[in-house]
Amino acid sequence: MNLAVRPAGWGRAGRVLLALLLLVMGLVSGLQPAQATMGTMLEETGGEEPSSIGGLYFYNYGQWELNPYVNEQNNLVMEFYTNKVLGGTDTIELRYPAEYGWNMTGAVYQISVNPGENWELTGTHVDGPNGPSIVFQLPAGFAANPEDKVQLFLGLAENPPLGGEYMFSARTSAEEAWAYFYSYVYDKTVRGLGVTAGSDTAGARDVPYTFSFDAPYRDQPVLALSSSEETEATGSESGSDTTVQLTFPPGYTMNAELSPSNVSVRTGWEGETVIEPNGTAVYYGEGGERIVEVVIPSWEMPRLTPVEITLNESAGIVNPAAGGTYVLKAQLAGDMESAAYEIVLREAGEEPVDTTILAVKESETSQPLSVTGSVYTLQVPYTVSGPVTVFVELNDARAVLTAAADEGTVADVTYGRQSEAAGYYLQFDGLGEGINTARVVVSGAGAEPHGYLIVIHRAARPSSVPLNGTPYPLTAAYPVAVFAEGAVTLDFTGSTFSAGAYVLAWEEPSPAYSTGMKPVSKVVRFEISGVTTAAGQPVKLTLKTTSGNTNKPAGVFVSSGGGWVHDRSGLVSEGGAELPLSGLPAGDYGVFEADYTMVKMKLGKPAGGTRELTLTSEEGAEMYYQIGGQGYQPYNAAQKPLVKAGEKVTAYAKAAGRLDSEPRELTVPPIPVIGKAEDVLKELKNGQDFNGDGTFDAGDVVDYLHLIEPYRAKP
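Residues numbered from 1 in each chain as written. Predicted model: local features only at pLDDT ≥ 70, side-chain atom pairs only at ≥ 80, totals over all residues. Heavy atoms only, no water.

A. Broad picture of the overall build of the protein chain. Broken down by element type, the protein chain carries five helices and 51 strands. Looking at the protein chain residue by residue over its 715 residues, the buried ones come to 42%. Nonlocal contacts in the protein chain, meaning residues at least 24 apart in sequence, comprise 65% of its contacts between residues at least 6 apart. For the protein chain, the accessible surface area stands at approximately 36,200 Å², while carbon and sulfur atoms represent 52% of it. (Helix = DSSP H or I, 4+ residues; strand = E, 2+ residues; numbered from the N terminus. Buried < 20%, exposed > 50% of the residue type's maximum accessible area, 1.4 Å probe, protein only. Contact = heavy atoms within 4.5 Å. Areas by Shrake-Rupley, 256 points an atom, 1.4 Å probe, with all protein chains shown as cover.)

Structure follows, in structure tokens:
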């Protein structure tokens, strides 16, 4: 049918009917298959929009199960089957429980299909009203079709500190509905187990043993009494107890009729609270172990506090007859794990332990140490904030060293035995400027203990470092790094810092290949370590600028291998520029004077009540548009968008080496009723820019003339 030639005898009513026919055909042709499918799906699901994600599943790299214990880490893989076509304009949102800790420092995200090539992803962490989430932007060129298996490779996630059931949820931008995955985290057993005995001699009798550990994470005790009679019999107010199991290896003997009077329980940071056990029991394990159970009223044992359980001399513990290393264990009844501690028993009649220090080996990060009596001092540069590890050699492998941070120091000190040698390592973490001290005591059975001081002297923090790769140390108290006497600064306020966190920077050469660009600041590249940026609080980069002489506008540009691209979030003012950075992505940064990218708009001839929108710019430029404020879309000349009269259109363009164009706005003019040439003359008197190119010219006249309906004379 040739709709441009109307049958003879058609009047105004025929024209109206033809217009309605054109409108209906335009609406029908505009209905996308996806829209029709969605209508069918909504009808099948009773109006509830289904998720675009099916079979959502999580597992660790290289294995199928997630780590089930509290505070343990998972290298997560998120896997699902897509029910929708996913492309480079789509996003995937992962909402995770707030109790999970997430390592966002330098995180690398990847995605693959079926499986296949790994694509790099960008992930933005968001704190929403329903919990934190990561929004992943799919890369350009990526495609996944319905029933494809999609795998996302994520950074380190740390399990919550408390056991329980936790829910992950995910969705894509193709649908708003969420898919869900439930994980279960188990409480760990007791933590930080230490065991001391009144004698370390083999064959010793009636030896008191003390088990020290941190109280468990769980909110509720492991064992709950099952009846009111049991509650009344034990005097339990809450009806529940916590049972601690202490395991002695084969070779130990003790009183099989152990009673609560043979056991003392203390809790609190100073051991100030004494708890009366509700019951005790001794039985053999499958391997000949002696297992002691101590039942403790749970309401009297606060969570996350130290606990000491002492089996006194009346418990009748007798050490094994032979000297050697024996492993003692502690756990909560019902737990899957136990904490272990080694006790070394010396043979009866051995010489007393030598409790003197033979030598202290300095750390690789320190200068040679100086010794004054029982004080060992090391010097470390300001760039070292921890950890610093030194090794202490003892004269006797049987000697025991204990260590703690000295009063007034800000250092966190941990220690442990160096394999089976007569030595220990001490690790200083979170070093402050100036003096950091650890007090160590060397002791042994029947020997005189000796005390020593290990001192780490850390140089003062610099006010500025050069742009040559020199690291700038970062802490919560000093979150702003200064380079080149203030020419460049990075503000990490609100981030969290691990021990030894730093940022370093290099000055990069200016881009000689970018025509029309002139640098008016330092051009820099950064590297960070040990910093976790806060969601919703980006890092602030400040670049001091110099006055240019090209009289061009300036902007902040970033280069990550694909040319210099203008970052529109950067604000340039007199004397400097600021740019908010999410996670400090890799690349070079600088402020440049440059030309603006050009963008032009033009409307096509009306057809069916709509008009095509045409955008033009420099060769290689990317163009973007939005209609009615609904968000910018990339412009595709092969699929030009259609607009209607009265709609507001905004467009801009960007190109490497140029500033993004200022957004151009256009309100689509109404399509007048034109029946004959006289009607065109009336419109021309108004001087209306009808095709949206910004000027009233011959092109507008031609478009008006095309509105005159063709007429065929009667035969």
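B. Fine view of unusual backbone geometry. The backbone phi angle of aspartate 206 is positive, close to 50 degrees, even though this residue is not glycine. Along the polypeptide, aspartate 206 turns up in the loop between β13 (191-197) and β14 (209-214). Of the residues examined, aspartate 206 reaches a relative accessible area of 36% and is grouped as partly exposed.

C. How the structure looks around the packing of aromatic side chains. By the definition in use, this model includes 22 aromatic pairs. Taking the centre distance of 5.1 Å and the plane angle of 55 degrees together, the rings of phenylalanine 58 and phenylalanine 181 count as tilted. Pair noted here: phenylalanine 58 is in strand β1 (residues 53-60) and phenylalanine 181 is in strand β12 (residues 179-185), with a separation of 123 residues, a long-range link. Classification of phenylalanine 58 by relative accessible area gives buried; the value is 1%. On the numbers, 5.9 Å between centres and 90 degrees between planes, the contact of tryptophan 119 with phenylalanine 142 is edge-to-face. Placement of the pair is tryptophan 119 in strand β7 (residues 119-128) and phenylalanine 142 in the loop between β8 (131-137) and β9 (143-144), with a sequence separation of 23 residues. (Phe/Tyr/Trp six-rings, centres within 6.5 Å; stacked < 30°, edge-to-face > 60°.)

D. Up close: the side chain of serine 52. The residue serine 52 is located in the loop between α2 (33-44) and β1 in this model. For serine 52, the side chain forms a polar contact with the side chain of threonine 172, separated by 2.5 Å. Beyond its immediate stretch of four places on either side in the chain, serine 52 contacts Tyr81, Thr82, Asn83, Lys84, Thr172, Ala174 and Glu175. (Polar contact = N/O pair within 3.5 Å; in protein donor to acceptor, adjacent residues only side chain to side chain.)

E. Representation of the environment of proline 115. Relative to the assigned elements, proline 115 resides in the loop between β6 (109-113) and β7. Judged by its relative accessible area of 59%, proline 115 is exposed. Linking proline 115 and aspartate 148, residues 33 residues apart in sequence, is a C-alpha distance of 9.1 Å.

F. Fine view of a nonpolar patch on the surface. Together, Met167, Tyr180 and Tyr182 line one region of the surface with nonpolar side chains, adding up to about 320 Å² of accessible area. Relative to the helices and strands, tyrosine 182 resides in strand β12. (Patch = residues over 30% accessible without salt bridge, like charges linked within 9 Å, V, L, I, M, F, W, Y side chains within 5 Å. Salt bridge = Lys/Arg side-chain N within 4 Å of Asp/Glu carboxyl O.)

G. Region of interest: the sheet that holds strand β51 (residues 664-667). In spatial order, the strands read β48-β47-β50-β51; together these four strands make up an open sheet with antiparallel pairing. Looking at strand neighbours, the two that pair on one side only are β48 (633-634) and β51, the edges of this open sheet. Both strand β47 (residues 622-627) and β48 contribute to a ladder of two bridges, which runs antiparallel. By the bridge assignment, tyrosine 624 is partnered in β48 with proline 634. (Pairing = 2+ DSSP bridges.)

H. Quick look at the nonpolar core. Tyr209, Phe211, Phe248, Tyr252, Val292, Ile309 and Leu328 are the most contacted members of the largest nonpolar core, which has 35 residues in total. Here this core gets four residues from one element, more than from any other, and that element is strand β22 (residues 324-332). Residues within four places of tyrosine 252 in sequence aside, it is in contact with Tyr209, Arg290, Ile317, Val318, Asn319, Pro320, Tyr326, Leu328, Ile343 and Leu345. (Core = buried A, V, L, I, M, F, W, Y, C linked by side-chain atoms within 4.5 Å.)

I. Quick look at the side chain of glutamine 626. One can find glutamine 626 in strand β47. Looking at glutamine 626, its side chain comes within polar contact range of the main-chain nitrogen of glycine 631, at 3.3 Å. Excluding anything up to four places from it in sequence, glutamine 626 contacts Gly631, Tyr632, Lys648, Val649 and Thr650.

J. Structural view of the sheet that holds strand β45 (residues 599-603). With antiparallel pairing, the three strands of this open sheet are ordered in space as β45-β46-β49. Of all strands in the sheet, those with a lone pairing partner are β45 and β49 (642-644), marking the two edges. Averaged over all pairs of adjacent strands, the angle between strand axes in this sheet comes to 40 degrees, irrespective of strand direction. Here five bridges tie β45 to strand β46 (residues 610-617), and the two strands are oriented antiparallel to one another. Residue pairing across strands places lysine 602 opposite threonine 614, the latter belonging to β46. (Axes fitted to C-alpha atoms, helices over the stretch in contact; angles between N-to-C directions.)

K. Spotlight on the pattern of salt bridges. Across all of its chains, the model carries twelve salt bridges by this definition. Here arginine 568 makes a salt bridge to aspartate 660, at a shortest N to O gap of 3.7 Å. Separated by 92 residues along the polypeptide, arginine 568 in the loop between β41 (564-566) and β42 (571-573) and aspartate 660 in the loop between β50 (648-654) and β51 bring together distant segments of the chain. In this structure, the salt-bridge partner of lysine 648 is glutamate 665, at a minimum N-O distance of 3.5 Å. Separated by 17 residues along the polypeptide, lysine 648 in strand β50 and glutamate 665 in strand β51 bring together distant segments of the chain. The class of glutamate 665 is exposed, set by a relative accessible area of 52%.

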